[in-house]
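# Examining the three-dimensional arrangement
Next come the chains, spelled out residue by residue.
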Amino acid sequence: MANLYIGLVHYPIYNKHYEVITTAITNYDIHDIARAATTYEVKKYFVVHNIPAQRELAKTIMSHWQTGFGSTYNPDRKDAFAGVELVSSIRSAVEQVEEAEGVKPLIVTTDARTYENTVSYAWMRETLEKGDRPVLVLFGTGYGMTKETMQEFDYILEPIYGPGEYNHLSVRSAVSIILDRLRGEAWWAKK
């Protein structure tokens, strides 16, 4: 089975006017995604932010749960944060995976739109289960990563659809749904 890595990208991101911005790190994204990543045995969860002060903020939040009062108050959080890494760019995350694995990972992202290289969850799940090349799934914040950035990736996972027209999940929700689709139990095969 291939190792799975994920990254939460804060730059380059679109805002609602499709201007390129850097989004702010949020406490809940760090916490909730770390917990989901640990549950689904993600090898490493990268928080990707280009502004040093924002990485310092994330480091302060994480250290509270790793070595501060939070580490004894809620040891489960300490375990979840063990797999979180702060990096300054997507390239840095890719390089760390390549260094750890000895091969460049497949780089996959998500979007609410489809592209020529959009693949299904079933296809990506099978690629993870039967392959040995690591996979790095990147999640955009704000209104998604820039089009130019998206063009650099190997694959894009199909959008998550509910039964209605509304389609604007929080990134925390999307990460949990996608990790379950890629690594969760095969509930559909149970009787």
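Residues numbered from 1 in each chain as written. Predicted model: local features only at pLDDT ≥ 70, side-chain atom pairs only at ≥ 80, totals over all residues. Heavy atoms only, no water.

### Things to note about the UniProt feature "domain: tRNA (guanine-N(1)-)-methyltransferase C-terminal" (unreviewed entry) in the protein chain
As recorded in UniProt, the feature "domain: tRNA (guanine-N(1)-)-methyltransferase C-terminal" (unreviewed entry) lies at residues 3–183. Structurally, residues 3–183 comprises 44% helix and 19% strand, and the distance from its first C-alpha atom to its last is 11 Å. (UniProt positions renumbered as here; feature names shortened; annotations may be inferred. Helix = DSSP H or I, 4+ residues; strand = E, 2+ residues; numbered from the N terminus.)

### What about the nonpolar core?
In this structure, I6, Y45, V137 and L157 are the most contacted members of the largest nonpolar core, which totals 38 residues. If you tally residues by element for this core, the top one is helix α8 (residues 171–183), at six residues. Aside from chain neighbours lying at most four places away, what touches Y45 is I6, L8, D29, I30, I33, A34, A37, G83, V84 and E85. Core analysis: the next-biggest nonpolar cluster, separate from the first, contains 17 residues, V94, V97, M145 and I156 among them. (Core = buried A, V, L, I, M, F, W, Y, C linked by side-chain atoms within 4.5 Å. Buried < 20%, exposed > 50% of the residue type's maximum accessible area, 1.4 Å probe, protein only. Contact = heavy atoms within 4.5 Å.)

### So, α8
Its 13 residues place the ends of α8 18 Å apart at the C-alpha level, agreeing with the 18 Å of an ideal helix rising 1.5 Å per residue. Buried residues along α8 sit against β1 (4–9), α1 (27–39), β6 (106–110), α6 (121–130), β8 (135–140) and β9 (155–157). (Expected span 1.5 Å × (residues − 1).)

### Let's talk about the sheet that holds strand β5 (residues 84–87)
Judged by pairing direction, the sheet is parallel, and its seven strands sit side by side in the order β5-β4-β1-β8-β6-β9-β7 without closing on themselves. Of all the strands in the sheet, just β5 and β7 (118–119) have a single pairing partner and so form its edges. Relative to strand β4 (residues 44–48), β1 runs parallel, the two being bridged by five bridges. Each bridged residue has a counterpart across the sheet, and for V9 the counterpart in β4 is V48. Here α6 sits on the sheet and contacts β1, β6, β7, β8 and β9; the angle it forms with β9, its principal contact strand, is near 120°. (Pairing = 2+ DSSP bridges. Axes fitted to C-alpha atoms, helices over the stretch in contact; angles between N-to-C directions.)

### Regarding the pattern of salt bridges
Using the criterion set out here, one finds eight salt bridges in the structure. For K190, the salt bridge identified is with E185, shortest N-O distance 2.6 Å. Connected through salt bridges with shared partners, the residues D29, D32, R35 and R172 form a single ionic network. (Salt bridge = Lys/Arg side-chain N within 4 Å of Asp/Glu carboxyl O.)

### Remarks on the pairing of β8
In terms of burial, β8 is a largely internal element, six of the six residues being buried. Burial along β8 is two-sided: the residues V135, V137 and F139 and L136, L138 and G140 are all buried. As paired strands, β1 and β8 are joined by six bridges and run parallel to one another. Paired with L4 across the bridge in β8 is V135. Judged from the four bridges that link them, β6 and β8 form a sheet pairing that is parallel. By the bridge assignment for β8, L106 is matched with V135.

### Side note on the packing of α1 against α8
Interhelical geometry of α1 versus α8 gives an angle of 5° and a closest axis separation of 9 Å. In terms of orientation, α1 and α8 fall into the roughly parallel class. Within the contact between the two elements, α1 uses Y28, D29, D32, I33, A36 and A37 and α8 uses V171, R172, V175, S176 and L179. Grouping the constituent residues of the contact of α1 with α8 by class yields seven nonpolar, one polar and three charged. (Parallel < 35°, antiparallel > 145°, perpendicular 65-115°, else oblique. Nonpolar A, V, L, I, M, F, W, Y, C, P; charged D, E, K, R; others polar.)

### Let's talk about the packing of α1 against helix α2 (residues 52–66)
At a closest axis distance of 10 Å, the pairing of α1 and α2 adopts a crossing angle of 50°. Comparing their axes, α2 and α1 come out oblique. The handedness of the crossing between α1 and α2 is right-handed. Contacts between α1 and α2 involve N27, I30 and H31 from the first element and A58, I61, M62 and W65 from the second. In the contact of α1 with α2, the residues fall into five nonpolar, two polar and no charged. (Left-handed = near helix turned anticlockwise from the far one by under 90°.)

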